[in-house]
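Inside the fold
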Amino acid sequence: MSKNLDAAQDMRPAGPQPVPPSAWEAAAGEALLDDPQEWPSFGRLCAPGQGSAQQTQAWESHVVIEGMHCAACALTVEDALRSVPGVQQAEVSAASQRARVIWQPGLTRPSEWMQALRRAGYQALPALDAQTRDQRQRENRQALWRWLVAGFCMMQVMMYAWPAYVAEPGDLSFEMERLLRWASWVISLPVVLFACGPFFSNALRDIRQRRISMDLPVALGMAITFAVSTAGTFEPEGVFGHEVYFDSLTMFVFFLLTGRWLELRLRDRTVGALEAVLNRLPPSVLRRAADGGFERVAVRRLQPGDTVRVLPGEAFAADGQVLEGHTLADEALLTGESTPVAHGPGSLVVAGSYNLQSPVLVQVQSVGQDTRFAQIVALMESAATQKPRLAQLADRIARPFLVLVLLAATLAAVWWWPTDPARALMVAVAVLIVTCPCALSLATPVAMLSAAGALARSGVLVRRLQALESLSQVDTVVFDKTGTLTRDGMTLASIGPVHGMSDTHALGMAAAMAAQSLHPVSRALVRAAQERGAPGDWTVSGLQEAPGQGLQAQVQRADSTGPVWRLRLGSTQYTGCATGDAGASADAAGSVWLAKMDQAGQPHPLARFGLAEDLRAQGANAVAALRQAGLAVHLLSGDRREAVARLAERVGIADWQAQCTPADKLAAVKALQAQGRRVAMVGDGLNDGPVLAAAHASFAFGRAVPLAQAQADFVVPGDDLSQVVRTIALAQQAVRVVRQNLWWAAAYNAASVPLAVAGYMPAWLAGLGMALSSLLVILNAARLSVTPSAPLPKASGHVSALTGQAASA
């Protein structure tokens, strides 16, 4: 290892160095975010204008919202943000607990709209800040402690309540019954004061803000149950002294906290794949100073041209070029490359990939919004805050539904009051708890985010969650050719030797000439020579290139032995070779000739190189799987008819069109849509923008795609076309899960509400039902976290074929 790499070996950090939590706390932390240099750490320019003044451009910021539990909370957060002058748009997802805020720096500052959130009872943290992860861990620990306290107290209260259930009349004296009630009251106090704390604090916040959320009915139920039981304990001869309900209170609190804790853990798993990408950058990096030493600086302080030292196990903080050292990098989540990529001096590394092997020095080339990592983060953050159509519907009915819950509980209490006031209040409690629409609000966003997380882990970036619903309904898939079914380059398909010259001999001479040209055909010959081990002991002199025709040069062995060959490499016309010589390759997309020129300038063919388009891996298998599942597959290309026909035959596509302009492609897709077909378009994202936007769902393939400008709903950085098949399968399964969740939530409320109103459902059973309904919805959505990968089974209909594999996950 070089001296420079060893110079800072003793500066290896002992462990992760997160940003101090106090940096973002309360008003002091929010004021720090008003510094324009801090804005890129949790956002980006939304739509850069023509002016140079930063204050005139809108900014898009992403934050994590604390204290949000339901769809009604999400609506409240959106209202609080939109009420701030200068906030142009606000989108909040209750499932991911993230908010996307578009604001005008000339009219407001981050501290202002964050203070508006705090006044509404919520706190915002920068989405990419290290404290976000720390806060989530603290939230998990607190939820676990509340659950443990509620469980322990529930068991104690049940011991004191058991004698009252099993004793025969006269077995328990009045004094013993009062003692058991007092003991239950004392043991219930930690449950009410500690375990129920979040429910009461959220309910008080709602009352102060004159709004309603799902915690308000639950808190009312807890408060009424404790008040009735306390009255029965302190005044046994009173109107509420007939029975106490401490056992029901502690049981339904325990069941409710069980559901909340499991929901919290499963939600972390759901959005974990998204955060695995969003939080890949290190908080700081070793930068070489002017004296040659290394100092640790924040990543946002890096500038193009800086030299940084990246240690094994650290992530690359910026796009750059390796100056010294050799290592392997994990780029799976960024480029779709599943195996580690080797890097050495001169190779390019991407921000967000991990250094796996040894220290390297990297010269920074792109930072911040200019990196590929930032473009991917922009896509994923946008998807994490979007609301599918069904989720928007659930949000719209959440508040009216909660009002109906309170009204139903009040009517139930009024109905039962003349018969038994204590029973009337407990019936109202059961109605309040059992009808809380948690499952309804979670049904859609949890399933969609689970699917997006699974796709992110497999290398597919979801730009619009709503597209999952559209993709599940497609019956036609349209492929572009160049850059989609094929890579941008060519591959050597055949070599026709002439005059007894060996394949490797001819390829070696051709590659020696082609190495000095940038033409795609030249690159294909050089790559083929390297792959086939063709001898490279040739020297080339006097090379001349006729653009679009070929190369001419003198070639001799490197040791200056043997004759000097005057060669031409190029088209039939340029080399003067007959097209019938050396045998043509039926699969070739084109061919070039290697010819020796004599003293009279007459050509003597040496070899013919048949070229084919470089078909992407799994291309034919993906098309076969789609056709097997019952989907129609079409091919649109601007290339020649002969080339398109050859490729269509290779991959098995019967319906194809050649020599299509972008307008022709758009017209072809619209014609299919006019026939009632649901079309998914798969393109390269560069010249297919209009048709990608017009399709019901669309994919952009290739690492060269400008992600921030792509019109596609799904972006696949890798080369595996089978991702299209997997994504369609997962989209169809996600929609099925959403429908199952909605039907379950509706059936649960339809069955439980009459039982609660009729007095057949005690409070503890209502709490159990509410917790289990939410848990069932999340567990059902968690099945989507496993991405289908095996070949699709053959089925009579495309829905059953594509979803069968996803269902097995």
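All values derive from a computational prediction rather than experimental measurement.

Section: the overall build of the protein chain
Check the secondary structure of the protein chain and you find 25 helices and 27 strands. Each of the 809 residues in the protein chain was classed as buried or not, and the buried ones make up 54%. A sequence separation of at least 24 residues applies to 69% of the contacts in the protein chain between residues at least 6 apart. Carbon and sulfur atoms form 57% of the exposed surface of the protein chain, whose accessible area is close to 33,600 Å².

Let's talk about the packing of helix 23 (residues 722-757) against helix 24 (residues 763-782)
Running from N to C, helix 23 and helix 24 cross one another at 170°; their axes reach a closest spacing of 9 Å. On the basis of the axis angle, helix 23 is roughly antiparallel to helix 24. On helix 24, the residues that touch Val 737, Gln 740, Asn 741, Trp 744 and Tyr 748 of helix 23 are Ala 766, Gly 769, Met 770, Ser 773, Leu 776, Val 777, Asn 780 and Ala 781. Tallied by class, residues from the contact of helix 23 with helix 24 come to 8 nonpolar, 5 polar and no charged.

Details of the environment of Arg 627
If you trace the backbone, Arg 627 turns up in helix 19 (residues 619-628). Sequence separation of Arg 627 and Thr 476 is 151 residues, and the distance between their C-alpha atoms is 9.6 Å. Not counting residues within four places of it along the chain, the set of residues in contact with Arg 627 comprises Val 633 and Gly 652. Among the polar contacts made by the side chain of Arg 627, one reaches the main-chain carbonyl oxygen of Gly 652 at a distance of 2.5 Å.

Concerning the nonpolar core
Counting 56 residues, the largest nonpolar core has Phe 199, Met 222, Leu 249, Phe 252 and Val 253 as its most contacted members. At 12 residues, the largest contribution of residues to this core is made by helix 13 (residues 421-434). When neighbours within four sequence positions are excluded, Phe 252 is seen to be in contact with Gly 221, Met 222, Thr 225, Ile 433, Ala 763, Trp 764 and Gly 767. Judged by nonpolar contacts, the second largest core, of 51 residues, contains Ala 658, Val 716, Val 737 and Val 738.

Some details on the packing of helix 6 (residues 174-195) against helix 8 (residues 215-234)
Contact geometry of helix 6 with helix 8 gives a least axis separation of 9 Å together with a crossing angle of 150°. In this view, helix 6 runs roughly antiparallel relative to helix 8, as classed from their interaxial angle. Considering the relative orientation of helix 6 and helix 8, their crossing is left-handed. Mapping the contact onto sequence places Arg 178, Arg 181, Trp 182, Trp 185, Ser 188, Leu 189 and Val 192 in helix 6 and Phe 226, Thr 230, Gly 232, Thr 233 and Phe 234 in helix 8.

Some thoughts on the side chain of Asn 741
Along the chain, Asn 741 turns up in helix 23. There is a polar contact of 2.9 Å between the side chain of Asn 741 and the side chain of Asn 780.

A closer look at the sheet that holds strand 10 (residues 327-330)
Pairing is antiparallel across the open sheet formed by 3 strands, whose spatial order is 11-10-13. The sheet terminates laterally at strand 11 (341-343) and strand 13 (354-355), the two strands that pair on one side only. Pairing of strand 10 with strand 13 involves 2 bridges; the strand directions are antiparallel. By the bridge assignment, Ala 329 is partnered in strand 13 with Asn 355.

Some thoughts on the packing of aromatic side chains
To describe a pair of aromatic rings, one takes the distance between the centres and the angle between the planes. Tallied over the entire structure, the rule returns 11 aromatic pairs. Here the aromatic cluster, defined as three or more aromatic residues joined through ring pairs, consists of Trp 39, Trp 59, Trp 103 and Trp 113. Directly above the ring of Phe 194 sits Arg 146, whose terminal nitrogen or CZ lies 5.6 Å from the centroid. Geometry around Trp 416 places Arg 423 over its ring, the cationic atom sitting 4.9 Å from the centre.

As for helix 6
The first and last C-alpha atoms of helix 6 sit 31 Å apart over 22 residues, in line with the 32 Å expected at 1.5 Å per residue. The sharpest bend along helix 6 comes to roughly 30°, located at Ser 188, with the proline Pro 190 sitting one to four residues further on. Looking at helix 6, one finds that the buried residues are Leu 180, Arg 181, Ser 184, Trp 185, Ser 188, Val 191, Val 192 and Ala 195.

Looking at a nonpolar patch on the surface
Taken together, the side chains of Leu 144, Trp 145, Leu 148 and Phe 194 present a nonpolar region at the surface, about 390 Å² in accessible area. Here the element with the most residues in the nonpolar patch is helix 5 (residues 130-166); it accounts for 3 residues. Assessed through its relative accessible area of 57%, Trp 145 is described here as exposed.

Observations concerning the sheet that holds strand 6 (residues 284-288)
Hydrogen bonds along the backbone pair up the strands of a sheet, which may run parallel or antiparallel. The sheet built from 6 strands is open, its strands ordered 7-6-8-14-9-12 with antiparallel pairing. Bordering the open sheet on either side are strand 7 (294-298) and strand 12 (348-349), each of which pairs with just one other strand. Where strand 9 (residues 319-324) meets strand 12, 2 bridges bridge the pair, whose relative direction is antiparallel. Among the inter-strand pairings, Gly 320 is bridged to a residue of strand 12, identified as Val 349.

Thoughts on the environment of Gly 305
Structurally, the position occupied by Gly 305 is in the loop between strand 7 and strand 8 (307-310). Along the chain, Gly 305 and Gly 320 lie 15 residues apart, while their C-alpha atoms are 8.9 Å from each other. In this view, Gly 305 contacts Gln 363 and Val 364; residues no more than four positions away in its chain are not counted.

Topic: unusual backbone geometry
Even without glycine at this site, Gln 659 takes up a positive phi of about 55°. Along the chain, the position of Gln 659 falls in the loop between strand 24 (655-657) and helix 21 (662-674). Using a relative accessible area of 53% as the deciding quantity, one classes Gln 659 as exposed.

Section: the environment of Ser 61
With respect to the helices and strands, Ser 61 occurs in strand 2 (residues 59-66). By relative accessible area, which is 1% here, Ser 61 ends up buried. Along the sequence, Ser 61 and Gly 43 sit 18 residues apart, while their C-alpha atoms lie 4.0 Å from each other. For Ser 61, the residues in contact, after removing those within four places along its chain, are Phe 42, Gly 43, Ala 99, Arg 100, Val 101, Trp 103 and Trp 113. Of note is the side chain of Ser 61, whose polar atom sits 2.8 Å from the side chain of Trp 103.

A word on the side chain of Glu 60
Within the secondary structure layout, Glu 60 lies in strand 2. At 2.8 Å, the side chain of Glu 60 forms a polar contact with the side chain of His 62. A polar contact is formed between the side chain of Glu 60 and the side chain of Arg 100, at a distance of 3.2 Å.

Considering the pattern of salt bridges
A complete count under the given rule lists 9 salt bridges for this structure. A salt bridge links Asp 306 to Arg 287, with the nearest nitrogen and oxygen atoms 3.5 Å apart. Of the two residues, Asp 306 is situated in the loop between strand 7 and strand 8 and Arg 287 in strand 6; the sequence distance between them amounts to 19 residues. Like Asp 306, the residue Arg 287 is buried in the burial classification. Put simply, Glu 314 and Arg 296 hold a salt bridge, and the shortest N to O gap is 3.7 Å. Placement of Glu 314 in the loop between strand 8 and strand 9 and of Arg 296 in strand 7 is noted, with a sequence separation of 18 residues between them. Residue classification places Arg 296 among the partly exposed residues on the basis of a relative accessible area of 27%. Three or more residues joined by partner-sharing salt bridges are found here, namely Glu 60, Glu 91 and Arg 100.

About the thresholds
- Residues numbered from 1 in each chain as written.
- Predicted model: local features only at pLDDT ≥ 70, side-chain atom pairs only at ≥ 80, totals over all residues.
- Heavy atoms only, no water.
- Helix = DSSP H or I, 4+ residues; strand = E, 2+ residues; numbered from the N terminus.
- Buried < 20%, exposed > 50% of the residue type's maximum accessible area, 1.4 Å probe, protein only.
- Contact = heavy atoms within 4.5 Å.
- Areas by Shrake-Rupley, 256 points an atom, 1.4 Å probe, with all protein chains shown as cover.
- Axes fitted to C-alpha atoms, helices over the stretch in contact; angles between N-to-C directions.
- Parallel < 35°, antiparallel > 145°, perpendicular 65-115°, else oblique.
- Nonpolar A, V, L, I, M, F, W, Y, C, P; charged D, E, K, R; others polar.
- Polar contact = N/O pair within 3.5 Å; in protein donor to acceptor, adjacent residues only side chain to side chain.
- Core = buried A, V, L, I, M, F, W, Y, C linked by side-chain atoms within 4.5 Å.
- Left-handed = near helix turned anticlockwise from the far one by under 90°.
- Pairing = 2+ DSSP bridges.
- Phe/Tyr/Trp six-rings, centres within 6.5 Å; stacked < 30°, edge-to-face > 60°.
- Lys NZ or Arg CZ within 6 Å of the ring centre and 35° of its normal.
- Expected span 1.5 Å × (residues − 1).
- Bend = angle between axes of the 7 residues up to and from the residue.
- Patch = residues over 30% accessible without salt bridge, like charges linked within 9 Å, V, L, I, M, F, W, Y side chains within 5 Å.
- Salt bridge = Lys/Arg side-chain N within 4 Å of Asp/Glu carboxyl O.

Shape descriptors only; they carry no functional weight alone.
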